[in-house]
Amino acid sequence: FANRGVVVPEKMDGVGTCFYADGVEPGTCSSVGEIWRGIANKMRPSWRIYGENLFAKRAIKYTRLSTFFQVHSIWDGNFCLDWAETLEICASLKLTTVPLLACGPFDTIERIVRHKNFIDPEWQEGYVIRLWDEFAYETHLSFLAQYTRK
């Protein structure tokens, strides 16, 4: 991450879900399935839209969700799209991204997230640090990091 731009989206307490043009994993008949049905025909066959299914009640009791599916990354083939393109695609499909907690140069962000009050563990599951730029699946372990409250 050194000398690179990063984004820090919130790690939500949901079920990791992937939208494909021809299906959803894991399968769902909830309102998240309705969201997928509304965009499936607008997706490229090579896209995978990853997000959190927040329909079920879990440890964190969210009270102000605008939607039960929130996107954290979009992949085109073996490439995770850069954050700006992810935002553009989400806007065009009327999808919501997980809340963005911070973005900027990694050196600055690292100092911010080390602060003990960066997240409130009563209301937030954690956070992810990911590269702002596109990256290949083969390098994802170098460009993704996650912190969870437990």
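Computed from a predicted model, the values in this text were never measured in an experiment. (Residues numbered from 1 in each chain as written. Predicted model: local features only at pLDDT ≥ 70, side-chain atom pairs only at ≥ 80, totals over all residues. Heavy atoms only, no water.)

So, about the overall build of the protein chain. On a plain count of helices and strands, the protein chain comes out with four helices and 11 strands. Relative to the globule expectation of 15 Å for 150 residues, the C-alpha radius of gyration of the protein chain, 15 Å, shows essentially globular dimensions. Counting only C-alpha atoms, the protein chain reaches 40 × 35 × 25 Å along its principal axes. Among the 150 residues that make up the protein chain, the fraction classed as buried is 43%. Counted over contacts in the protein chain with a minimum sequence separation of 6, partners at least 24 positions apart contribute 68%. (Helix = DSSP H or I, 4+ residues; strand = E, 2+ residues; numbered from the N terminus. Rg over C-alpha atoms; globule rule 2.2 N^0.38 Å. Buried < 20%, exposed > 50% of the residue type's maximum accessible area, 1.4 Å probe, protein only. Contact = heavy atoms within 4.5 Å.)

Evaluation of the coordinates by the stated rule reveals four salt bridges. Here Arg4 and Asp133 are joined by a salt bridge, their closest N and O atoms 3.7 Å apart. With a gap of 129 residues between them, Arg4 in the segment before β1 (5–11) and Asp133 in the loop between β9 (126–131) and β10 (135–136) connect regions that are remote in the sequence. What makes Arg4 partly exposed here is its relative accessible area of 31%. In this structure, the salt-bridge partner of Glu52 is Lys11, at a minimum N-O distance of 3.9 Å. (Salt bridge = Lys/Arg side-chain N within 4 Å of Asp/Glu carboxyl O.)

Here helix α3 (residues 106–113) has its buried residues at Phe106, Ile109 and Val113. What you see down the axis of α3 is that its buried residues fit within an arc of 60°, all on one side. Looking at the buried positions of α3, the neighbouring elements they touch are β1, β8 (100–105) and β9. (Arc of directions from axis to C-beta.)

Here we come to the packing of aromatic side chains. In this structure the tally under the stated criterion is eight aromatic pairs. Here Phe1 and Phe106 contribute two aromatic rings whose centre-to-centre distance is 5.1 Å and whose plane-to-plane angle is 25°, an arrangement assigned as stacked. In this pair, Phe1 sits in the segment before β1 while Phe106 sits in helix α3, placing the two residues 105 residues apart along the sequence. We classify Phe1 as partly exposed; its relative accessible area is 22%. Plain terms: the ring middles of Phe118 and Tyr127 are 5.2 Å apart, the flat faces sit at 90° to each other, and that makes the pair edge-to-face. A relative accessible area of 11% places Tyr127 in the buried class. (Phe/Tyr/Trp six-rings, centres within 6.5 Å; stacked < 30°, edge-to-face > 60°.)

The next thing to look at is unusual backbone geometry. Of note in this structure, Asn3 is not a glycine but carries a positive phi near 60°. Within the secondary structure, Asn3 sits in the segment before β1. Judged by relative accessible area, which is 70%, Asn3 ranks as exposed. Of note, the phi angle at Lys94 is positive, near 60°, even though the residue is not glycine.

The next thing to look at is the layout of surface pockets. One number sums up the size of the largest pocket: a volume of about 340 Å³. The wall of the largest pocket is formed by 20 residues, among which His72, Ser73, Val128, Leu144 and Gln146 lie closest to the centre. Its residues placed into classes, the lining of the largest pocket shows 11 nonpolar, four polar and five charged. Quantified by volume, the second largest pocket comes out at close to 180 Å³. Around the second largest pocket sit Glu10, Met12, Ile60, Lys61, Tyr62, Thr63, Arg64, Leu65, Gln70, Pro99 and Trp123, which together line it. Its residues assigned to classes, the lining of the second largest pocket shows six nonpolar, two polar and three charged. (1 Å grid on protein atoms, 1.4 Å probe; cavity = no way out; pocket = protein on both sides within 12 Å on 5 of 7 lines; lining within 4 Å. Points joined across faces, edges and corners; volume = space filled by probe spheres on them. Nonpolar A, V, L, I, M, F, W, Y, C, P; charged D, E, K, R; others polar.)

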